[in-house]
Amino acid sequence: MPGAAAGRISIRPTLSSSRAIAAYMLMIAGGVTASHAADAELGRYLSSECMTCHGTAKADSTIPSIFGLNQVHFVEVLRAYRAKALPNPVMQTIAGRLNDEDIAALALYFETAKRPN
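All of these numbers come straight from a predicted model, not from anything done at the bench.

(A) View of the overall build of the protein chain. When helices and strands are tallied, the protein chain shows five helices and two strands. For the protein chain, the N- to C-terminal ordering of α and β elements is β-β-α-α-α-α-α. Nonlocal contacts in the protein chain, meaning residues at least 24 apart in sequence, comprise 71% of its contacts between residues at least 6 apart. Surface exposure of the protein chain reaches about 7100 Å², of which carbon and sulfur atoms provide 59%.

The structure is reproduced here in structure tokens:
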């Protein structure tokens, strides 16, 4: 995936994503946080779809590891995919089915989840 390096996903705003970025910044300014009403058990339940690809991601893979990823960054990236500000049709589809509560729950779960052996 372009922009992925060492397990980090880069968010580079494009002209077409300026509205999505502005909306996200307003949510941050309004006090909405990644862990607001997050439910780790819901995150564990929802994580099965994520595990299909990210569960087997290796260091040299184009699929980044999401285990231990900071909640704020995780939320930022999924919301960007949901807004189609990041160009990955698979992730856009998956993120498009998630609401803010689902994303926060996944972020909480993956921040503390251990990579499967």
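(B) Region of interest: the pattern of salt bridges. If you walk through the whole model with that rule in mind, you get four salt bridges. Between D100 and R79 there is a salt bridge; the shortest N-O distance is 3.4 Å. One end of the pair, D100, is in helix α5 (residues 100–112); the other, R79, is in helix α3 (residues 71–82), and 21 residues separate them in sequence.

(C) Expanded view of helix α4 (residues 89–96). M91, Q92, I94 and A95 are the residues of α4 that are buried. Taken around the axis of α4, the buried residues stretch over an arc of 170 degrees, which confines them to a single face. Within α4, the exposed residues directed more than 90 degrees away from the buried face are P89 and V90. Sitting at the head of α4, N88 places a side-chain oxygen 3.1 Å from the backbone nitrogen of V90.

(D) Representation of unusual backbone geometry within the structure. Within the chain, K84 stands out as a residue other than glycine whose phi angle is a positive 65 degrees. Using a relative accessible area of 53% as the deciding quantity, one classes K84 as exposed.

(E) Region of interest: the nonpolar core. I66, F74, L78, Y81, L106 and F110 are the most contacted members of the largest nonpolar core, which has 20 residues in total. Of all the elements in the fold, those that place two or more residues in this core are α3, α4 and α5. The element best represented in this core is α3, accounting for six residues. Apart from residues lying up to four places away in sequence, L106 is in contact with G43, L46, S47, C50, F74, L78 and L98.

(F) Local environment of the environment of S47. Turning to its location among the elements, S47 is positioned in helix α2 (residues 40–54). Taking the C-alpha atoms as reference points, S47 and A105, 58 residues apart in sequence, are found 9.4 Å from one another. Setting aside chain neighbours within four positions, we find S47 in contact with L106, Y109 and F110.

(G) Examining the state of the cysteines more closely. As enumerated under the stated definition, the model contains zero disulfides in all. Distance from the sulfur of C50, which forms no disulfide, to the nearest cysteine sulfur (C53) is 9.3 Å. Under the relative-accessibility criterion, C50 is labelled buried at 15%.

Parameters at a glance
Residues numbered from 1 in each chain as written. Predicted model: local features only at pLDDT ≥ 70, side-chain atom pairs only at ≥ 80, totals over all residues. Heavy atoms only, no water. Helix = DSSP H or I, 4+ residues; strand = E, 2+ residues; numbered from the N terminus. Contact = heavy atoms within 4.5 Å. Areas by Shrake-Rupley, 256 points an atom, 1.4 Å probe, with all protein chains shown as cover. Salt bridge = Lys/Arg side-chain N within 4 Å of Asp/Glu carboxyl O. Buried < 20%, exposed > 50% of the residue type's maximum accessible area, 1.4 Å probe, protein only. Arc of directions from axis to C-beta. Polar contact = N/O pair within 3.5 Å; in protein donor to acceptor, adjacent residues only side chain to side chain. Core = buried A, V, L, I, M, F, W, Y, C linked by side-chain atoms within 4.5 Å. Disulfide = S-S within 2.5 Å.

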